[in-house]
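Coordinate inspection notes
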Amino acid sequence: MSDQKSRADLSAQAPIVEIAALQKWFGDFQVLKDISLTVARGERIVICGPSGSGKSTLIRCINSLERYQQGRLVVDGYDLGAGQKNIDAVRAEVGMVFQQFNLFPHLTVIENCMLAPMKVRGTSKKEALELALRFLARVRIGDQAQKYPAQLSGGQQQRVAIARALCMTPKIMLFDEPTSALDPEMVKEVLDTMVGLAEDGMTMLCVTHEMGFARMVADRVIFMDRGEIIESGQPEPFFANPQNPRTQAFLGQLLH
Amino acid sequence: MIRQFGLPEALAILSGVQATILLSLIAFAGGGIVGLAIALMRTSEKTWLQRCAAFYIDFFQGTPLLMQLFLVFYGLPVLGYKVNPWVAVAIGFTLHASAFLGEIWRGSIQAVPRGQSEAAYALGLSYVSRMRNVVLPQAMRISVAPTVGFMVQLIKGTSLAAIIGFVELSRSAQIIASATYKPLLAYGCAGLVYFVLCFPLSRLSMRLEKRFAVKT
């Protein structure tokens, strides 16, 4: 009952993520300064910026891997400031892909994918297996299901990590620099998987430096620096004609 | 009259092995169960649980096992609880072993990369599931060698139970040594039996480590 009451308007038009005046400090250092951001259902957002700009911290706030000190963050109607119950509810609906994959090394690929549906959703073993095989096939890695993560290449591991998150049928996917730890020749296979997801209408927030990906799939590109959102816009004008000097400097460094 | 050292004497020493094994099993079981609880408290997010566990570990690691056994066996009756020797050693060894195992396992739990817990959080796993399915299986692999090392020490440490009246391996060897005046032979036999008990454990540890190494 209580978490029903704390859920805001849930109509299809309601934004899936609402961030208002978010502030976060690590000790004396302010990592997020007055961040406000609204994400619509089905929207694909790419967040870029120099290292230490707070972009990873921002998306880690969305599934409460990081706590914030001030402001408001509502995901799918659940206010993350209103207790552990809401946090648990949000985590079950939000998938995350990490830079370092973070697959469970003691479990096989298929077991990695089956664990959360069985433990969190109470899915039966048979259904979880079907679900896992379906998503592993979708990231084109179905034939490796019985292997352990260490037996796969980095690109394959990251695709398994995507499949593992998808098995929870999340409403949003967060990507925290998913290709930064990969060898160059493996970046494309992961990006292709992400493009496929975007084409299927998944709501996505991606922290990445892959500007080609941003151009191709993003509805909006956000540039962050020193804990602030400096500039945001559709990819075409954002890349062609950035307004803020800091954005210009950053893009200049990236492209040359 | 001095007895000869023959088969009956060797068997008398060997009869002590039963108590040694039983004492060891009690220590493993008690220490394992309480030790896991201590390790989980020590790694919990609640500061007061961490502090309680830290104090427990410091106290029982910092005082000799001999004294803990004394205190339980002679101390509890002073407080009005009559304890039989088995209960006393069970309590004493559990306190001792759980403090050491708790600390070994705390280290192992913390050695599991943080990203593993983060992935578990991100998938929405509960605390129990995060520990049981993700963190502890990996911590277990890390802890095999130090855990078995401590178990081997514990088997040898059961000889301290002699001071509250147990005739286990060391005590039975001592009795035969004084009866036959052949201390070298008597203690040599006992040493051999200890080795036979501990050696397979060390081998098991090596095999487990190899098996885990292949899997991951």
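Residues numbered from 1 in each chain as written. Chains lettered and ligands numbered in written order. Predicted model: local features only at pLDDT ≥ 70, side-chain atom pairs only at ≥ 80, totals over all residues. Heavy atoms only, no water.

1. With respect to the overall build of chain B
In terms of helices and strands, chain B carries 8 helices and 0 strands. Along the chain direction, N to C, the helices and strands of chain B fall in the order α-α-α-α-α-α-α-α. Overall size of chain B, expressed as C-alpha extent along the three principal axes, is 75 × 50 × 20 Å. Classification of the 216 residues of chain B by burial places 44% in the buried group. Carbon and sulfur atoms provide 69% of the accessible area of chain B, an area that totals close to 11500 Å². Side-chain charges of chain B comprise 18 positive and 7 negative groups, with the mean position of each set lying 6 Å from the other. (Helix = DSSP H or I, 4+ residues; strand = E, 2+ residues; numbered from the N terminus. Buried < 20%, exposed > 50% of the residue type's maximum accessible area, 1.4 Å probe, protein only. Areas by Shrake-Rupley, 256 points an atom, 1.4 Å probe, with all protein chains shown as cover. Lys, Arg positive; Asp, Glu negative; His and termini not counted. Charge placed at Lys NZ, Arg CZ, Asp CG, Glu CD.)

2. Section: the side chain of Asn102 of chain A
One can find Asn102 of chain A in the loop between β6 (94-97) and α4 (109-121). The class of Asn102 of chain A is buried, set by a relative accessible area of 12%. Once you skip the residues sitting within four places of it in the chain, Asn102 of chain A turns out to touch Arg164 of chain A together with Gly115, Gln116 and Ala119 of chain B. (Contact = heavy atoms within 4.5 Å.)

3. Topic: the confidence of the model for chain A
Should pLDDT be low for a region, the predicted coordinates there are not to be read in detail. All names here are of chain A. On average, residues of chain A score 92 in pLDDT, and 95% of them are at 70 or above. Across chain A, β6 holds the top mean pLDDT of 98, while helix α1 (residues 2-5) sits lowest at 45. Note on residues 1-6: pLDDT is under 50 here. Beyond four places in sequence and across chains, it has 7 contacts. (pLDDT = per-residue confidence, 0-100.)

4. Regarding the confidence of the model for chain B
Residue and element names in this part refer to chain B. Residues with a pLDDT of 70 or more make up 98% of chain B, whose mean pLDDT is 92. Taken element by element, the predicted model of chain B shows its lowest mean pLDDT in helix α8 (residues 183-215) (89) and its highest in helix α5 (residues 114-122) (97). In the model output, the complex is listed with pTM 0.88 alongside ipTM 0.91.

5. Some words on unusual backbone geometry
All names here are of chain A. Backbone geometry at Asp76 places phi at a positive 50°, although glycine is not the residue there. Of note, Asp76 is situated in the loop between β4 (70-75) and β5 (78-79). Its identity is not glycine, yet Thr169 carries a phi of approximately 40°, on the positive side. Assignment of secondary structure puts Thr169 in the loop between α6 (154-166) and β7 (172-176).

6. Examining the packing of helix α1 (residues 7-42) of chain B against helix α2 (residues 47-62) of chain B
All names here are of chain B. Direction vectors running N to C along α1 and α2 enclose 130°, while the axes themselves pass 7 Å from each other. Here α1 lies oblique to α2, going by the angle between them. Crossing hand, α1 versus α2: left-handed. Across the interface between the two elements, Val34, Ile38, Met41 and Arg42 of α1 pack against Leu49, Gln50, Cys52, Ala53, Ala54, Tyr56 and Ile57 of α2. Tallied by class, the residues present in the contact of α1 with α2 amount to 9 nonpolar, 1 polar and 1 charged. (Axes fitted to C-alpha atoms, helices over the stretch in contact; angles between N-to-C directions. Parallel < 35°, antiparallel > 145°, perpendicular 65-115°, else oblique. Left-handed = near helix turned anticlockwise from the far one by under 90°. Nonpolar A, V, L, I, M, F, W, Y, C, P; charged D, E, K, R; others polar.)

7. Regarding the pairing of strand β2 (residues 29-39) of chain A
All names here are of chain A. As paired elements, strand β1 (residues 17-26) and β2 share 7 bridges and run antiparallel to each other. Directly across from Phe26, in β2, lies its bridge partner Phe29. If you look at the hairpin formed by β1 and β2, you'll find 2 residues sitting between the two strands, and Gly27 has a positive phi there, around 65°. (Pairing = 2+ DSSP bridges.)

8. Notes on the interface of chain A and chain B
Each partner contributes to the interface: chain A provides 22 residues, whereas chain B provides 19 residues. For the pair chain A and chain B, the summed buried surface comes to about 1800 Å²; carbon and sulfur atoms form 64% of the total. Sorting the residues of chain A by area buried against chain B places Arg91, Phe104 and His106 of chain A first, and these three jointly supply 31% of that buried surface. Inspection of the region where chain A meets chain B yields 1 salt bridge. Linking Arg60 of chain A and Glu118 of chain B is a salt bridge whose minimum nitrogen-to-oxygen distance equals 2.7 Å. Linking chain A to chain B there are 5 residue pairs in polar contact (both at pLDDT 80 or more). Looking at the side of chain A that touches chain B, the elements that each hand over two or more residues are β6, α4 and α6 of chain A. Considered class by class, the residues forming the side of chain A that touches chain B number 15 nonpolar, 3 polar and 4 charged. (Buried area = accessible area lost by both parts, 1.4 Å probe. Salt bridge = Lys/Arg side-chain N within 4 Å of Asp/Glu carboxyl O. Polar contact = N/O pair within 3.5 Å; in protein donor to acceptor, adjacent residues only side chain to side chain.)

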